[in-house]
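# Tertiary structure, described
As a plain string of letters, each chain reads:
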Amino acid sequence: MSEHESLRKALHWLTGQPAISKESIAAASRHFDLSPLDEQFLRDYFLNQRAENVSKSMQSDDLESN
């Protein structure tokens, strides 16, 4: 198996979930036997990306109201 195959499988599995949370990322990490670094990557990618999108959306709403 290639070096990142487990991470790819976990990404695929997570994108099929109805919601991505810390708990679902932890479950994927256990199921696909990911390293702590891979699990942190998934948290950063999915959870921080969502926070950045919300922040950008709020900034966009502020610009439209002016």
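The structure displayed is predicted, hence computed values, not measured ones.

## Details of the side chain of Ser29
Structurally, Ser29 is set in helix α2 (residues 22–31). Look at Ser29 and you get buried, because its relative accessible area is 6%. Separated by 3.0 Å, the side chains of Ser29 and Glu39 make a polar contact. Apart from residues lying up to four places away in sequence, Ser29 is in contact with Leu34 and Glu39.

## Considering unusual backbone geometry
The phi dihedral of Asp33 falls on the positive side, at around 50 degrees, and the residue is not glycine. Mapped onto the fold, Asp33 is located in the loop between α2 and α3 (36–65).

## Thoughts on the environment of Glu39
Tracing the sequence through the fold places Glu39 in helix α3. Distance in space between the C-alpha atoms of Glu39 and Leu7 is 8.7 Å, their sequence separation being 32 residues. Leaving out residues up to four positions away in the same chain, Glu39 has contacts with Ile25, Ala26 and Ser29.

Conventions we followed
- Every chain's residues receive numbers from 1 upward, in the order its sequence appears when written.
- Predicted model: local features are reported for residues with pLDDT of at least 70 only, side-chain atom pairs are reported and counted for 80 or more only, and whole-chain, interface and lining totals are derived from all residues.
- Side-chain calculation: all heavy atoms of the structure are included, whereas hydrogens and water are not.
- Counting from the N terminus, the helices are the DSSP runs of H or I reaching at least four residues and the strands are the DSSP runs of E reaching at least two.
- Accessible area is worked out with a 1.4 Å probe on protein chains only. A residue is then buried under 20% of its type maximum, exposed over 50%, and partly exposed in between.
- Under this definition, polar contacts are N or O atom pairs within 3.5 Å; protein pairs additionally need one hydrogen-donor-capable and one acceptor-capable atom, and for neighbouring residues in sequence, both atoms have to be side-chain atoms.
- Contacts are assigned to residue pairs that have any heavy atoms within 4.5 Å of one another.

On their own, these measurements won't tell you what the molecule is for.
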